[in-house]
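Observations on the model geometry
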Amino acid sequence: MKTLSELFVKTKAENRAALIGYMPAGFPTKEECIMTIKAMVAGGVDAIEIGYPYSDPVMDGPIIQAAAELSLANGTNAEDVFDILQATVEMGVPAVVMTYWNPIERFGVKEFAAEIIKRGGSGVITPDLTVEESIGWKEACEISGINRIYVVAPSTTDERLPKVVTQCSGFVYAASLMGVTGTRTSVSGNAKSLVARVKAITATPVSVGLGVSTKEQAAEVAQYADGVIVGSAFIKQLQESSSIGEGLAKVENLAKELSAGVRR
Amino acid sequence: MIEDFLGHFGPYGGRFVPEALINALDELTAAHESAKNDPVFQSELSELHRTYTGRPSIITEVKRFAEHAGGARIFLKREDLNHTGSHKINNVLGQALLTKRMGKKRIIAETGAGQHGVASATAAALMGLECVVYMGEDDTKRQSLNVARMKLLGAQVVPVTQGSRTLKDAINEAMRDWVTNVETTHYLLGTVAGPHPFPTMVRDFHRVIGVEARAQMLQDIGRLPDAVLACVGGGSNAIGIFHPFIDDKNVRLIGLEAGGSGIASGKHASTISGGTPGVLHGTRTYVLQDENGQTVESHSISAGLDYPGVGPEHAYLHDIGRAEYRSITDAEAMNAFKILCETEGIIPAIETAHALAGAMDIGKELGKDAVLLLNLSGRGDKDVQTAAEYFGIPL
């Protein structure tokens, strides 16, 4: 089961939401990143978003910022991102890359999309690429046959929502709140109404991200969304551990809890 | 008008931002468009400029300085004499009025040298708005006087400890605040970069510089200058004075970028001269970046020019050959700084000193019959400590 569409067919049949985990490539190191993803998958994460660490992550809160900074200090580059993508796909789960736009433009738009498919990836999430600036990217993804995933927000107007949502394939990324990535004590009430607005327009699955970190929150979101995205909470397990062994155990444990949560 | 309705200047500009900000950017675009055509708004702004900013700013011919520039006639557009000491107030008052027009009560701003932060804090005090200024921690140290000024004006100054701790990181942090508080907050961006409509809107608020200067040159000497010069970091003062001259094909437009220790050293902030096209802070433009698309840290003695991006309209004017961009090193800028102090009794901002160094080169190239107009974008009070250290004057 290597594509997102296959995943959502499966989770729908099982009457549950998919659990999608985010991990920045090269954090804490390239090898330990792959080990962490293994622990996430072992704990029940259904699909992985590989973050491309970027020097100016304006949509990320302190947890992901710190992880990206460490990864960049380790010298993580495009090749590393693709290697980790491939290693993840080889674990048997669908994997996408989540990246700010500039690294794609620098790598070459067509080349980036081609490399994603070559490494077995399902698609790319582009949180700062607007649909208006997507002409070349649309073409590149169509040539390579990968999913284009955009983020919609509670502030996205009814007029604009279809313009973005109809461009999405794989899933629509619904940002649960107005803000940056990070753990929150509760999931914003905006998430549910945003998902309903998206579902009124499209049959494409909708996944909710930003601020989901606990089993209870995952269970709550799984009531109305097709996928639950967790990032900062996994990274925090590693940041707060004194050894990689301890971190991996905590990551797997969190994945198990969240995985129980999405099973409604 | 060379931009399209989505804020593109040829391949540059546009919007590369989280979807969460699109609605606010659309609102801002609409507010700016309606204000531009609203005589009430325009007269309120020009009245503020007349009675508060101190506009029109004068032009000063600098004959003794010109002796160091091949004898060409050099005229300074004195934006340093504006209230708060730089051109920044032009844009800030415009955007603060727009903030009120949109019914928002809180402004946030980024600042490098502190001039834009001071101007923002000033406008917030004048109009009763809450003001938070993000400033790289390194900049809060080299511009501590401006930090104190902002605090005296009632603003909250947040030192940014991420990344390179300079202007670029202050912008990142301001964007994060904006994404979170966009319903109540206006991001009062201080330069002609960022997503549409900022590059066009900020330019429109600074055009007054060029409009006045063009008329003043015609009135004082009966002709247009051969070249218009300005320093370029993000490029707001430069676009302000360039823009009204774009259709005057015989007037050369010359931007002077911060060369730090020299482009070859890798330690510079000459984005057009030494960078490549990319996307930074919501716009496509020239960027200092590595082969993986990571932003490279810029270096300059001048905090206000220490930025690895540049306004997209400058990128376009460069590519079509309408404007030229050159690089001035720290040493060249400081030499020009000292010469202006000693020959004319004017202490310029170190940012502006880059344009003065450019004038010394271009004056020599064009000869003594040439007329140069230079945007003296800011005064150097804030730089006294840096300059004293540079020249070994004990404090």
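The structure under discussion appears in the preceding block.
Quantities reported herein were computed from a predicted structural model and do not represent experimental measurements.

Overview of the overall build of chain A
The number of helices and strands found in chain A is twelve helices and nine strands. Over its C-alpha atoms chain A spans a radius of gyration of 17 Å, differing by no more than 12% from the 18 Å that the globule rule assigns to 264 residues. Taken along the three principal axes of its C-alpha coordinates, chain A extends 50 × 40 × 35 Å. Accessible surface computed for chain A: about 9300 Å², of which carbon and sulfur atoms make up 52%. When the 24 positive and 30 negative side-chain charges of chain A are each reduced to one mean point, those points stand 6 Å apart.

Let's talk about the pairing of strand β8 (residues 206-209) of chain A
Residue and element names in this part refer to chain A. Both faces of β8 are covered, namely the face carrying Val-206 and Val-208 and the face carrying Ser-207 and Gly-209. As paired elements, strand β7 (residues 172-175) and β8 share four bridges and run parallel to each other. For Val-172, the partnering residue across the bridge sits in β8 and is Val-206. The parallel pair β7 and β8 is bridged by helix α9 (residues 190-199), and the resulting crossover is right-handed. The sheet contact formed by β8 and strand β9 (residues 227-230) spans two bridges and is parallel. By the bridge assignment for β9, Val-208 is matched with Val-228. You can see the chain leave β8, run along helix α10 (residues 215-222) and come back into β9, and the turn it takes is right-handed.

Considering the interface of chain B and chain A
Each partner contributes residues to the interface: chain B has 34 residues there, and chain A has 36 residues. Of the roughly 2900 Å² buried between chain B and chain A on both sides combined, carbon and sulfur atoms contribute 47%. In terms of surface lost to chain A, no three residues of chain B exceed Glu-19, Arg-176 and Gln-294 of chain B, which account for 24% of the buried area on that side. The interface formed by chain B and chain A contains three salt bridges. A salt bridge links Lys-168 of chain B to Asp-56 of chain A; the shortest N-O distance between them is 2.9 Å. If you look at where chain B meets chain A, you find 22 residue pairs in polar contact (both at pLDDT 80 or more).

Looking at the sheet that holds strand β6 (residues 130-136) of chain B
Residues and elements named next belong to chain B. The parallel open sheet is built from four strands, whose spatial order is β7-β6-β5-β8. The sheet is open, and its two borders are formed by β7 (156-160) and β8 (185-187), each paired with just one other strand. Neighbouring strand axes in the sheet, compared pairwise and without regard to direction, differ in orientation by 25 degrees on average. Bridge count for β6 against β7 is five bridges, and the pairing is parallel. Looking at the pairing, Val-133 lines up with Val-157 of β7. Contacting β5 (106-111), β6, β7 and β8, helix α8 (residues 167-181) crosses the sheet at an angle of about 160 degrees to β5.

Overview of the sheet that holds strand β10 (residues 252-260) of chain B
Residues and elements named next belong to chain B. Read across the open sheet, the six strands follow the order β3-β4-β14-β9-β10-β13; overall the sheet is mixed. Of all the strands in the sheet, just β3 (59-61) and β13 (323-329) have a single pairing partner and so form its edges. The mean angle between the axes of side-by-side strands here comes to 25 degrees, regardless of whether they run parallel or antiparallel. As paired elements, strand β4 (residues 73-78) and strand β14 (residues 371-376) share six bridges and run parallel to each other.

So, α10 of chain A
All names here are of chain A. Among all positions of α10, only Gln-217, Ala-218, Val-221 and Ala-222 are buried. Projected down its long axis, α10 carries its buried residues within an arc of 135 degrees, all on one side. Buried residues along α10 sit in contact with β8, β9 and α12 (244-261).

Structural notes on unusual backbone geometry
Each neighbour pair has its own omega, and for Phe-27 of chain A with Pro-28 of chain A the value is -10 degrees, a cis peptide bond. Considering the arrangement of structural elements, one finds Pro-28 of chain A in the loop between β1 (18-24) and α2 (30-42). In this chain, Arg-55 of chain B is followed by Pro-56 of chain B through a cis amide linkage whose omega measures -5 degrees. By the secondary structure assignment, Pro-56 of chain B is in the loop between α2 (39-53) and β3. With a phi close to 75 degrees, Thr-84 of chain B is a non-glycine residue in the positive phi region. By secondary structure assignment, the location of Thr-84 of chain B is in the loop between β4 and α4 (88-101). For Thr-84 of chain B, a relative accessible area of 5% translates into the label buried. With a phi angle near 50 degrees, His-281 of chain B is a residue other than glycine that sits in the positive phi range. When its relative accessible area of 6% is taken as the criterion, His-281 of chain B is described as buried.

Some remarks on helix α7 (residues 135-144) of chain A
All names here are of chain A. Regarding α7, the residues found buried are Trp-137, Ala-140, Cys-141 and Ser-144. Seen end-on, α7 carries its buried residues on one side only, within an arc spanning 95 degrees. Pointing more than 90 degrees away from the buried face of α7 are the exposed residues Ile-135, Glu-142 and Ile-143. Of the surrounding secondary structure, the elements contacted by the buried residues of α7 are α5 (101-107), α6 (109-118), β4 (123-125) and β5 (147-149). Directly after α7, the chain includes Gly-145, whose backbone phi takes a positive value near 70 degrees.

Rules and cut-offs
- All residue numbers here refer to positions counted from 1 along the written sequence of the relevant chain.
- Ligands are numbered from 1 and chains lettered from A, in the order in which they are written.
- Given that the model is predicted, a residue must reach a pLDDT of at least 70 before its local features are reported, and side-chain atom pairs must reach 80 or more before they are shown or counted; all residues, however, enter totals for whole chains, interfaces and linings.
- Think of the side-chain values as coming from all heavy atoms in the structure, minus any hydrogens and water.
- Numbering of helices and strands runs from the N terminus, with a helix taken as a DSSP run of H or I at least four residues long and a strand as a DSSP run of E at least two residues long.
- In this setup the radius of gyration rests on C-alpha atoms only. A globule is expected at 2.2 Å times the number of residues raised to 0.38.
- The Shrake-Rupley method, run with a 1.4 Å probe, gives the accessible areas here. Residue values count only the displayed protein chains as cover.
- Counting rule for charge: Lys and Arg are taken as positive, Asp and Glu as negative, and neither His nor the chain ends is counted.
- In plain terms, the charge of a residue is placed at NZ if it is Lys, CZ if Arg, CG if Asp and CD if Glu.
- Only protein chains enter the accessibility calculation, which uses a 1.4 Å probe; a residue whose area is less than 20% of its type maximum is buried, one above 50% is exposed, and one in between is partly exposed.
- Any two strands with at least two DSSP-identified bridges between them are counted as paired.
- By definition, the crossover connecting two strands over a helix is right-handed if that path, from the first strand to the second, turns clockwise as seen with the strands pointing away from the viewer.
- Residues are treated as being in contact if the distance between any of their heavy atoms lies within 4.5 Å.
- Buried area, as used here, totals the accessible surface that two parts lose on assembly, with accessibility defined by a 1.4 Å probe and the loss added over both.
- Salt-bridge detection follows one rule: a side-chain nitrogen of Lys or Arg within 4 Å of a carboxyl oxygen of Asp or Glu.
- Here a polar contact is recorded for every N or O atom pair within 3.5 Å, except that within protein the pair must consist of a potential hydrogen donor and a potential acceptor, and residues adjacent in sequence are included only if both atoms are side-chain atoms.
- Only the contacting stretch of a helix is used when fitting its axis, a line to C-alpha atoms as for every element, and angles between N-to-C directions run 0 to 180 degrees.
- The directions from the helix axis to the C-beta atoms form the arc being described.

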